[in-house]
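# Structural description and commentary
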Amino acid sequence: MRRVGLLFPLLLFSGANPNGLSAPPGPAEVEAGSVETQRRRTQRLPAHYAAFEKKDDEENMSRVVLRNGLTIVIEEQAIRPLAAVVTYVKAGYLQESGSELGAARAWAKIFQDYSEAASRIRRAGGWLEARAAADHIAFTVVAPADNALDAIEISSLLLQQPASLRTVSRKETPEIPAADGEKAKLWEMAFGERGARLASDGSAPAPSAEALLSFHNAHFTPGKTVLAISGTVNREVLLKEIVEQYGRLKGEGSPVEAPDVPLTFEPGKRGFASAQLQAETDSPLLSLAYRVPGPDHPDALMVELLSTALGTGRGALLQRLISSGAALEADAELAARPGGGLLRIAVRPAAAQLDRAEVEALSFIGNLRSQPVGTAQLNRAKALLLKRHYQRLASLQGRAHLLAEQEARGSYKGWARIPQQIAEASAAQLQKVAATYLDESNLVLLESLPPGAEPRTLSGEKLLETLDLLVKAGAEQAQARFQLWQGQGDEPAFELRSFEPSLVKRPLKRTSVLRGPRVFIEEEHLVPLLQVGFFFAGGRVEEGETNAGLTDLMWRSVMRGIDSQAGPQAWRSLERHGAEFRVVVEPDFHGLQVSLLSSGLSDLLETVTGWLREPPLSKEAVAFEIERMKAEAAEWEQRPWRKALAAVDSELFEGHPYSMSRLGSEASRSSLDVEQVRGWAGQLKEIHPVIIVRGDVGGTSFLPPLLRVLSNSKMGQKPAVRINAPLKKNLVTAAQSGFSVAGFPGPTRGSRDAWTTDVLGSLVELWGGFAPPQDDVRRGPAPRLFHRSFLGGGVVYVALPPASEKESLGAQLQKAAALKSAAIRNQDALQSIVLTISRFHDRRQQGDRYLVDLAASLMAGEKPGFETEYLATIKGAKVDDLRDLSGRFLRAPPARVNSLEGTPPGQGNR
């Protein structure tokens, strides 16, 4: 394999032939002109062009079809020093039959956890992720741009006779995860036996090695594959490598269409269905799932817009159920599959409000079917859907996957038309789609009731009759609520703003407003998006056992107060810019995070600043949010991964605020009241937030018009709050549902140790364990080593897959402790450094998540140039540094390891 690069030179292309390569004519040009002209032109073509069936170039993109049927789409995109390679096989679990059931999901797991390809790409500083869907399997490889050719060579292994299968015997074939019971039941009720296979996380028995080979031979062929690449690459160099690696593979000779899946959905054909399930928590859940067409249907975009209008954002139509007190949560989720899909409206009723929530939800749906939504609500939904599209384009893997998906459906150029299609959608079209699909004859109603709840005695038909009567009885009142929430008035029609992507990036810099907040700005103009944060130091770290959860409750109550004080129009005015809000309550800081289209920055800053200066709070809002916290804590208890991490934190930081959940405990929630919340919220009125703006922003040009809002001499700055955690234990373990997590006292935030621990985690990822591998094939899911670092302490986590009978949990931890004397080669250290830097650049693509990481560093007092220092530290890491680090933070366990089987409800650092 080629030598792995380290420094990631960022290529800036100029023109169509960035490396001085001649730009040869495509086959269409060769066909034009005289025979002699064709001969001369053909002689000038590079040798690898002989493998091309078609070649089309457009600006920074190329589409090529090889003679064996492989379709290639390449985008030269130099915004990151990375390359994403997506292998999109046009066959999923709907193409399975007989003994092959489960093959698509099994292949995804095999290549991700067991294969030579996954091991080799880690050596090249990248990683492989795989996902099986109804009509395709997508394998995504992300690697340094310098190693893009390696990524192509390794990706070609996916279509070759899988050597990895030799290491997977019939007994070792990976088990497929069990289905989510509630979702699987919905799909089965909606579409019969075939519906169970449409569930995105449906289970299946592990197929035999013979069945796996049969499925691979039938579907993993060039003619059924789209290879999509986006990154800092040179098309011509990549095409030559692709021909070398893929050209010898046999295929159908021409690309085949997407798998033919008979359309099983017809409006009203199956009729109303209802059922009940026993829930695992004390909080009931109501699901109203409407059968809708699949993604290739002409109505697909309008169904997605309808889902957005119903459930996305705090101004969504379904938020009315929360505002009225009928529900604690209300959301809409669209799951589209070839041949059919479900638009699921999930409602978690308030206490003793199941019937009311059911009736109000159906009333809202009825109003939506009978009249068009207002312009304000339509514009809000369009902006949010458009923002979600741009968010997908913000990462190279998102771009490559979208290119592959669009090409599989007809043409990769479809992605460029999506914004215009969203802008042109009309209220009449939306109403027509609602009237067609949100009908009782398409409805599947599932009630998940707590253990011991009295079951419904009505049959499906009688239940529907009863609900119809109740809906009609409250029709007039429901109509008034619908008009208030959806918005009326003469708002201008949605306008699609022009935007030209740019490779211009500017480093993070700090500015300040006279007598105002500190403002950090990082420019990037790949997509017209912004991430904005309003953050305050302290919060959870200042809580105690009696008021744990107060910071989270304060922010929930403020947001609920805005609902009651300003009404839905307050949210619509910001969501017409695609703004989505998220409350951030981290151990050392707290605040609001907003993602939005870049056109709305000024409106956002002015509005949110007003909210923070006079946070609206009421007794009713606090009481309601306490109930929501209780329901969330109960649901959280059913998530094994989070529960195990929380158990570790609770024991390791015993007695310190880091040991407590952001949701508090049952006892602390019961003691919280509106006066405590108002007292805690006083800091919002007295302290300037730290404002972070990242994305498509033009420097500080947005600040001058806002000086009157941001500048306030009565408010001050709050420094970071550091309360050191006295760690009394050297090791804590927790076991949950077949896996274990160990926690060791770790480094604090911003330290050299914390940064170098990232390299140590990459070494474990590179090896697939705590010792150098014997070959290039991983034998199943591997341990992970990662850390969370705070101002007052830190944790190094070791996440362990299920221990085999031959190797106990203690034995695995002994291996981790032995890293301090492991045979770490210089090459291992170098490759771990490259992988760490790749992960760093990948995090920068994930805007919302990266903003919180950025805020954690800035709130801890690190300077804007800390990322340069971080990279310098990473690049300077030596073998001895890794050994020293593991010796100090990975302690040998006692002879007998006692695993915590959980933690009391509400405990932990998550």
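This write-up is about the structure you can find in this document. Nothing here was measured: the structure is a model prediction, and the numbers come from that model. Every chain's residues receive numbers from 1 upward, in the order its sequence appears when written. For a predicted model such as this one, the threshold for reporting local features is a pLDDT of at least 70, and the threshold for listing and counting side-chain atom pairs is 80 or more; totals across whole chains, interfaces and linings nevertheless cover every residue. With hydrogens and water set aside, each side-chain value is computed from the structure's full complement of heavy atoms.

This brings us to the nonpolar core. One finds Leu-288, Leu-306, Leu-310 and Leu-438 to be the most contacted residues of the largest nonpolar core, which totals 84 residues. Among the elements that line this core, the one with the most residues is helix α12 (residues 354-370), at 8 residues. Pairs of residues are marked as contacts when any of their non-hydrogen atoms sit within 4.5 Å. Dropping the residues within four chain positions of it, Leu-310 is found in contact with Ala-316, Leu-317, Leu-318, Ala-332, Leu-343, Ile-345, Ile-365, Leu-368 and Leu-438. Working definition of a nonpolar core: buried Ala, Val, Leu, Ile, Met, Phe, Trp, Tyr and Cys residues. They are joined through side-chain atoms within 4.5 Å. Three labels apply to residues, based on accessible area from a 1.4 Å probe with only protein chains included: buried if under 20% of the type maximum, exposed if over 50%, partly exposed otherwise in between. Core analysis: the next-biggest nonpolar cluster, separate from the first, contains 51 residues, Phe-52, Ile-72, Val-89 and Val-233 among them. Secondary structure elements follow DSSP: runs of H or I of four or more residues count as helices, runs of E of two or more count as strands, with numbering from the N terminus.

Read from one edge to the other, the open sheet built from 5 strands follows the order β8-β12-β9-β11-β10, with strand pairing classed as mixed. Strands with a single pairing partner mark the edges of an open sheet, and in this sheet they are β8 (273-278) and β10 (327-337). Shown here is a sheet whose adjacent strand axes are inclined to one another by a mean of 15 degrees, direction ignored. For two strands to be treated as a pair, DSSP must find at least two bridges joining them. Of the strand pairs in this sheet, strand β9 (residues 285-292) and strand β11 (residues 340-349) are connected by 7 bridges, and their pairing is antiparallel. Bridge pairing links Tyr-290 to Leu-343 in β11. Against the sheet, helix α10 (residues 300-311) touches β9, β10 and β11, its axis set at about 170 degrees to β10. Most of the contacts of helix α22 (residues 619-636) go to β10, to which it runs at about 45 degrees, and overall it touches β10 and β11. Fitted lines through C-alpha atoms serve as axes, helices being fitted only where they are in contact, and the angles separating the N-to-C directions of these axes extend from 0 to 180 degrees.

Moving on, we come to the sheet that holds strand β14 (residues 518-523). The strand order across the open sheet formed by 6 strands is β13-β14-β18-β15-β17-β16, and the pairing between neighbours is mixed. Edge positions in the sheet fall to β13 (509-512) and β16 (580-585), since each of these pairs with one other strand and no more. The mean inter-strand angle of the sheet, taken between neighbouring strand axes irrespective of direction, is 20 degrees. Bridge count for β14 against strand β18 (residues 690-695) is 5 bridges, and the pairing is parallel. Bridging from a neighbouring strand, Ile-521 pairs with Val-693 of β18. On the sheet, helix α13 (residues 375-393) packs against β15 (529-537), β16 and β17 (589-597) and is oriented at approximately 100 degrees with respect to β17.

Looking now at the pattern of salt bridges. We count a salt bridge whenever a side-chain nitrogen from Lys or Arg sits within 4 Å of a carboxyl oxygen from Asp or Glu. Taken as a whole and assessed by the stated rule, the structure comprises 49 salt bridges. A salt bridge links Arg-63 to Glu-407, with the nearest nitrogen and oxygen atoms 2.8 Å apart. With Arg-63 in strand β2 (residues 61-66) and Glu-407 in helix α14 (residues 396-408), this residue pair connects regions lying 344 residues apart in the sequence. We classify Arg-63 as buried; its relative accessible area is 18%. Take Glu-407: its relative accessible area is 7%, and that puts it in the buried class. As a salt-bridge pair, Arg-356 and Glu-360 come within 3.0 Å of each other at their nearest N and O atoms. Taken together, the residues Arg-356 and Glu-360, both in helix α12 and 4 residues apart, mark about one turn of the helix.

Within β15, 9 of the 9 residues are buried, which leaves it mostly tucked inside the rest of the structure. Along β15, one buried face is formed by Leu-529, Gln-531, Gly-533, Phe-535 and Ala-537 and the opposite face, lined by Leu-530, Val-532, Phe-534 and Phe-536, is buried too. Judged from the 9 bridges that link them, β15 and β17 form a sheet pairing that is antiparallel. Paired with Phe-534 across the strands is Leu-592, a residue of β17.

This next bit is on the packing of aromatic side chains. Two numbers describe a pair of aromatic rings. These are the distance of the centres and the angle of the planes. Classification of ring pairs rests on two measures: the distance between centres of Phe, Tyr or Trp rings, Trp counted by its six-membered ring, which must be within 6.5 Å, and the angle between planes, read as stacked under 30 degrees, edge-to-face over 60 and tilted in between. In the structure shown here, the tally under the stated rule is 20 aromatic pairs. Following the ring pairs from residue to residue traces out a cluster consisting of Trp-107, Phe-111, Phe-139, Phe-215 and Phe-220. Any Lys NZ or Arg CZ found within 6 Å of a ring centre and within 35 degrees of that ring's normal is scored as a charge over the ring. Here the guanidinium or amino end of Arg-105 rests over the ring plane of Tyr-93, the centre of that ring lying 3.9 Å away. Geometry around Trp-127 places Arg-839 over its ring, the cationic atom sitting 3.8 Å from the centre.

Time to look at unusual backbone geometry. The phi dihedral of Glu-59 is positive, around 55 degrees, even though this residue is not glycine. Take Glu-59: it is sitting in the loop between β1 (52-58) and β2. At Ala-352, a position not held by glycine, the phi torsion is positive, near 60 degrees. As for its placement among the helices and strands, Ala-352 is situated in the loop between β11 and α12. Take Ala-352: its relative accessible area is 83%, and that puts it in the exposed class.

Now for helix α4 (residues 116-123). Most of α4 sits out of view: 7 of its 8 residues are buried. Within the span of α4, buried status applies to Ala-117, Ala-118, Ser-119, Arg-120, Ile-121, Arg-122 and Arg-123. Here the buried face of α4 lies against α3 (103-113), β5 (127-132), β6 (137-144), α5 (148-155), α27 (752-767) and α29 (826-845). Positive backbone phi, at 85 degrees, marks Gly-125, one or two positions downstream of α4.

Once that is clear, we can look at the pairing of strand β20 (residues 739-745). The element β20 is largely enclosed, with a buried count of 7 among its 7 residues. Sheet topology note: the β20/strand β22 (residues 794-800) ladder contains 6 bridges and is antiparallel. Considered in β22, the bridge of Gly-743 is made with Tyr-797.

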